[in-house]
Amino acid sequence: MDTSPPMPDPGGPRRDFTAPAPESGPPSFEWLLGRLGAGGRRQGLLLALSCLPCVLLGLGLGSDALFTLTPPRHCRDANGTRLPENTTCEDPRCQRWDYGGLPALTSNPVTEWSLDCSRGWIVPLEQLCFLLGFAVGVLLLGYLADSVGRRGTLLLALALGCPAGILAASATSPSVFMLGRCLWGAMLGGMQLALYLNRLELCCPPQRLLVAMVGDLVTVGGLFLLLGLALACGSWQVLQGVISAGLGLCLLYGCPGLYPESPRWLLATRRTTQAKEILLNLAQGSNTQESEAQAALEELDNASHLPAAAQISLCALLSCRNIWKNVLILGFTTFIAHAICHCYQLAWASLDDPHTTFYLSYFLSAGSAGLACLFLCLSVDRYGRRGILLLTTTLTGIASLILLGLGEYLNDAARRTFSILGLFSSHAAGSLSIFFASEVIPTVIRGKGLGVILALASLGGLSAPLLQLRERHGSFLEHIVLASLSILALLCLMLLPESKRKALPEGLRDGELYRRPSLLRRAGGSEGRDAEGLTRRDDVPLLSTPNPAS
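Numbering of residues starts from 1 in every chain and runs along the sequence as written. Residues qualify for local features only when their pLDDT is at least 70, as the model is predicted, and side-chain atom pairs are given and counted only at 80 or more; totals for whole chains, interfaces and linings, by contrast, use all residues. Where side-chain values are given, they derive from all heavy atoms of the structure, hydrogens and water being excluded.

Chemist: Help me understand the overall build of the protein chain, please; the structure alone is not making it clear to me.
Modeler: The helix and strand labels rest on DSSP assignments: H or I over at least four residues marks a helix, E over at least two residues marks a strand, and numbering proceeds from the N terminus. Within the protein chain, the regular secondary structure consists of 22 helices and 2 strands. In this analysis, two residues are considered to be in contact whenever any of their non-hydrogen atoms come within 4.5 Å of each other. Sequence separation of 24 or more characterises 79% of the internal contacts of the protein chain that already satisfy a separation of 6 or more. A total of about 22,900 Å² of accessible surface is found on the protein chain, and carbon and sulfur atoms cover 63% of it. The accessible surface values rely on the Shrake-Rupley method and a 1.4 Å probe; as for residues, cover is taken only from the protein chains in view.

Rendered as structure tokens:
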């Protein structure tokens with residue numbers, strides 16, 4: 001436990017966001033937002049607009065489960081006689097397969113192109129292409145988000161995502177379908193990244209957690225809506241086309257004045273004039289008088305602006321050891337949380353009815369993700385980001401160790417209870433790791449950093465299709481490795497700073513000073529102090545965080 005004397009929080013002392021601006025130094029963006037638009041109608045409208053397309057994210061990300069599902073099947077010989085149900089692909093009498101009904105859909109690519117037996121490897125390959133496309137998309141568009149802006153990145157992802165989805169819907173062969181789904185995944189990744197950045201950067205510290213979790217809950221709502229939409233569409237081509245058309249409809253966000261650029265990013269890249277216009281529009285929807293808004297914005301003229309993201313050299317970026325430490329630790333936790341999820345779903349594979357297996361696994365996964373978001377909303381602002389991340393990662397490891405070590409001694413009810421616990425805790429750890437990373441990465445490189453985190457989340461999801469390619473051989477060993485890594489992650493999480501109710505770091509210097517003190521020596525001296533003489537290091541205890549005065 002850290003026994004060093006309490007010191008000011010990262011980002012300087014906690015601010016009352018309605019108080020006057022500090023007499024020395026430029027005003028913080030949080031102070032400006034509090035004076036001009038926090039809690040106003042205009043800010044609420046922009047946050048709602050940034051959450052609404054998350055329904056399409058849920059539809060797009062969940063569709064892969066329906067498109068790659070292999071339904072019950074029966075084999076027939078050359079005379080059309082139906083063979084016994086236990087007939088395998090190796091039986092020389094088997095000439096063709098008759099497929100049973102699919103959940104929600106009447107057909108999918110598996111049934112349309114007979115992707116089974118000798119062609120069964122195509123199904124996990126499509127899943128790999130989709131997830132790899134998502135990872136590449138968030139990396140490339142994350143770089144663009146720091147260069148051309150969050151709004152431009154979103155519009156680009158929407159403009160390219162619509163034709164990519166149409167290409168997948170009109171595919172006449174598995175190879176074209178995989179190409180379309182790979183591009184579709186890349187654009188969905190860019191869309192998720194841009195929306196997440198816009199939501200986060202438009203909020204004051206007390207609002208950030210709630211707004212981020214609301215966006216995740218809307219995505220979970222899209223997962224539940226997917227089954228109803230699939231029933232209404234029937235064909236997989238129609239379902240893919242409807243979701244793609246929804247992306248095209250969101251291009252209305254490009255209308256002037258409807259969905260502006262992130263003002264925080266504009267200030268970080270020396271676009272002060274554009275930032276002032278957006279902040280004035282925010283003030284029009286709040287109780288701030290125009291004269292007060294103008295007086296607050298005049299402070300920006302004397303601000304020493306941060307270097308533009310495009311002007312940050314690679315050498316300067318590589319020298320930011322503390323930023324890299326935070327990104328690598330949270331990326332590692334995100335990877336483990338997303339990789340281990342499918343290990344808990346294997347507990348439902350023993351059910352006889354494949355439809356029951358699919359629906360139960362699907363609803364439990366989506367439901368546990370929704371409950372995890374609600375849990376984070378209720379606990380993280382009270383106990384801190386680091387404390388709850390330690391808790392959820394610990395629960396993930398415990399659930400895995402019990403299932404691995406005592407699984408053969410537990411009945412079905414106990415195994416499924418611990419599987420549900422593991423699903424819940426891994427979803428919570430994954431969501432919180434992404435949110436935590438977005439708070440400790442500076443604004444000037446937040447697109448690149450969050451792109452790395454989301455790419456690692458997508459790469460973690462590759463564990464399920466890779467296991468399917470191996471016909472589930474080695475699933476026990478894979479679960480052991482992932483459970484061991486989740487326990488190892490606990491040691492790393494203690495090195496993270498606490499970001500609860502702190503101002504977001506803007507430049508590389510802010511991110512470098514956003515750290516915990518050494519665990520082996522007391523903090524002191526001038527190390528880690530900014531230009532105003534205020535330390536930005538975090539000196540709260542490891543496992544508890546006192547509630548700040550908001």
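So much for the structure itself; the text now carries on.
Chemist: Before we go on, may I ask you to explain helix 3 (residues 54-67) in this structure?
Modeler: Note: α-helices contain 3.6 residues per turn, so residues at a spacing of three or four share the same orientation. Counted at 1.5 Å a residue, the expected span for helix 3 with its 14 residues is 20 Å, and the 20 Å between its end C-alpha atoms agrees. Here the term buried applies to any residue with accessible area under 20% of the maximum for its type, exposed to any over 50%, and partly exposed to those in between, with areas from a 1.4 Å probe on protein chains only. Taken as a whole, helix 3 has its buried residues at C54, L56, L57, G58, L59, G60, G62, S63, D64, L66 and F67. A helix is expected to span 1.5 Å for every residue after the first.

Chemist: Got a minute to help me understand the side chain of Q240 in this structure?
Modeler: By secondary structure assignment, the location of Q240 is in helix 9 (residues 236-249). By relative accessible area, which is 1% here, Q240 ends up buried. When neighbours within four sequence positions are excluded, Q240 is seen to be in contact with F67, G165, A168, A169, R181 and W184.

Chemist: Just checking my understanding: could you explain unusual backbone geometry for this structure?
Modeler: Most peptide bonds are trans, and most residues other than glycine sit at a negative phi. One non-glycine residue with positive phi stands out, namely A104, at about 70°. With respect to the helices, strands and loops of the structure, A104 is situated in the loop between strand 2 (96-99) and helix 4 (109-112). For A104, a relative accessible area of 11% gives the class buried. One non-glycine residue, R501, lies in the positive phi region at around 60°.

Chemist: Before we go on, may I ask you to explain the pattern of salt bridges in this structure?
Modeler: Pairs can form between side chains of opposite charge once their charged atoms are near each other. For salt bridges, the criterion is a side-chain nitrogen of Lys or Arg within 4 Å of an Asp or Glu carboxyl oxygen. Under the counting rule described, the total for this entry stands at 12 salt bridges. Between E439 and R208 there is a salt bridge, and its shortest N-O distance comes to 2.7 Å. Of this pair, E439 sits in helix 18 (residues 412-440) while R208 sits in helix 8 (residues 205-233); the two residues are 231 residues apart in sequence, bridging distant segments of the chain. The partner of E506 in a salt bridge is R264, and the shortest N-O contact between them spans 2.7 Å.

Chemist: Looking at this model, I keep getting lost on a nonpolar patch on the surface. Mind explaining?
Modeler: Judged by side-chain polarity, L314, L318, W324 and L328 come together as a nonpolar surface patch covering roughly 440 Å² of accessible area. For the nonpolar patch, the secondary-structure elements that each account for two or more residues are helix 13 (314-318) and helix 14 (321-339). Looking at where W324 falls in the secondary structure, it is placed in helix 14. The class for W324 is partly exposed, based on a relative accessible area of 35%. Distance thresholds for patches are 9 Å for like charges and 5 Å for nonpolar side chains (Val, Leu, Ile, Met, Phe, Trp, Tyr), applied to residues having over 30% relative accessible area and no salt bridge.

Chemist: I tried to follow the packing of helix 2 (residues 41-51) against helix 11 (residues 272-284) on my own but got confused; where do I start?
Modeler: Two quantities define a packed helix pair, namely the angle between the axes and the distance from one axis to the other. Note on geometry: axes are C-alpha line fits, over the in-contact stretch for helices, and angles between N-to-C directions span 0 to 180 degrees. Where helix 2 contacts helix 11, the axes come no closer than 6 Å and their chain directions differ by 110°. With respect to their mutual orientation, helix 2 and helix 11 come out roughly perpendicular. Residues R41, R42, Q43 and L46 of helix 2 pack against N281, L282 and Q284 of helix 11. Per-class residue counts for the contact of helix 2 with helix 11 are 2 nonpolar, 3 polar and 2 charged. By definition in this entry, angles of less than 35 degrees are roughly parallel, angles greater than 145 are roughly antiparallel, angles of 65 to 115 are roughly perpendicular, and the rest are oblique. Residues are grouped as follows: Ala, Val, Leu, Ile, Met, Phe, Trp, Tyr, Cys and Pro are nonpolar; Asp, Glu, Lys and Arg are charged; every other residue, Gly included, is polar.

Chemist: Help me understand the nonpolar core, please; the structure alone is not making it clear to me.
Modeler: Grouped burial of nonpolar side chains is what soluble globular proteins tend to show. Buried Ala, Val, Leu, Ile, Met, Phe, Trp, Tyr and Cys residues that are joined via side-chain atoms within 4.5 Å together make up what is termed a nonpolar core. Grouped together as the largest cluster of nonpolar side chains are 50 residues, with contacts concentrated most on L66, L154, M191 and L239. Among the elements of the structure, helix 3, helix 5 (122-147), helix 6 (150-169), helix 7 (174-201), helix 8, helix 9 and helix 16 (354-383) are those that each provide at least two residues to this core. When residues of this core are assigned to their parent elements, the largest contribution, 9 residues, is made by helix 7. Those residues within four positions of M191 in sequence are excluded, and the remaining contacts are P53, L56, L57, L154, A157, L158 and L247. Formed by 48 residues, the second largest nonpolar core is a distinct cluster that contains L193, I329, L330 and F436.

Chemist: Mind showing me how you'd approach helix 19 (residues 446-460) here?
Modeler: Along its 15 residues, helix 19 runs 21 Å from first to last C-alpha, staying within 8% of the 21 Å computed at 1.5 Å per residue. Extensive coverage of helix 19 is indicated by the burial of 11 of its 15 residues. Every buried residue belonging to helix 19 is among R446, G447, G449, L450, G451, I453, L454, A455, A457, S458 and G460, and all of these are buried.

Chemist: What is the right way to look at the environment of L144 in this model?
Modeler: Following the sequence through the fold, L144 ends up in helix 5. In this structure the C-alpha to C-alpha distance between L144 and G190, which are 46 residues apart in sequence, comes to 9.5 Å. Sequence-distant contacts of L144, that is, excluding residues within four places in its chain, are made with G149, T153 and L156.

Chemist: Got a minute to help me understand the environment of C54 in this structure?
Modeler: With respect to the helices, strands and loops of the structure, C54 is situated in helix 3. Along the primary structure C54 and G215 are separated by 161 residues, whereas in three dimensions their C-alpha atoms are 6.5 Å apart. Among all residues touching C54, those that are not within four sequence positions of it are L195, R199, G215, V218 and T219.

Chemist: I keep staring at the side chain of Q127 and nothing clicks. Help me out?
Modeler: Of note, Q127 is situated in helix 5. Sequence-distant contacts of Q127, that is, excluding residues within four places in its chain, are made with D64, T68, P465 and Q468.

Just geometry here; none of it tells us what the structure is for.
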